[in-house]
Amino acid sequence: MSFGPAGAPNLLSGVPTMRICRGCGREIHVSALACPNCGAPNTGTTKRILPAALLCFFFGLFGFHRFYVGKIWTGLLQLLTGGGFVVWTVYDLVMILFGNFTDKQGQKLNLWT
């Protein structure tokens, strides 16, 4: 049996519970919204909202924003259907701007730059 923080048994052994903060390099819990030490947002993705939004706005009909976040198959579908006949592209742009768009691993894009 493995043990987690403060000697408590880690019931989900094998599942990572800590992550390295990109701002200060200290360990923080994966469920923390921000680092308690430096205040940097705790995000699991390296993809950003601004590039995804710009790609969607200018090249959304070709699915470039979906290729950017790693969603290759849906990117190909958008490429073949002209962005889902524009409706899918507009939906994606709204989702990106409101922070509900996810990458291939299901992590929300929550940092602008």
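Residues numbered from 1 in each chain as written. Predicted model: local features only at pLDDT ≥ 70, side-chain atom pairs only at ≥ 80, totals over all residues. Heavy atoms only, no water.

Caption draft 1: Examining the state of the cysteines more closely. Summed over all chains, the structure comprises zero disulfides. The thiol of Cys 35 is not disulfide-bonded; the next cysteine sulfur, from Cys 21, is found 3.7 Å away. Residue Cys 35 is classed as buried on the basis of its relative accessible area of 3%. (Disulfide = S-S within 2.5 Å. Buried < 20%, exposed > 50% of the residue type's maximum accessible area, 1.4 Å probe, protein only.)

Caption draft 2: Main features of the pattern of salt bridges. Scanning the entire structure with this criterion turns up one salt bridge. Taking the shortest distance from any N to any O, the salt bridge between Arg 66 and Asp 92 comes out at 2.9 Å. Taken as a pair, Arg 66 in helix H2 (residues 64-68) and Asp 92 in helix H4 (residues 87-97) lie far apart in primary sequence, 26 residues in all. Residues Arg 66 and Asp 92 agree in their burial class; the two are buried. (Salt bridge = Lys/Arg side-chain N within 4 Å of Asp/Glu carboxyl O. Helix = DSSP H or I, 4+ residues; strand = E, 2+ residues; numbered from the N terminus.)

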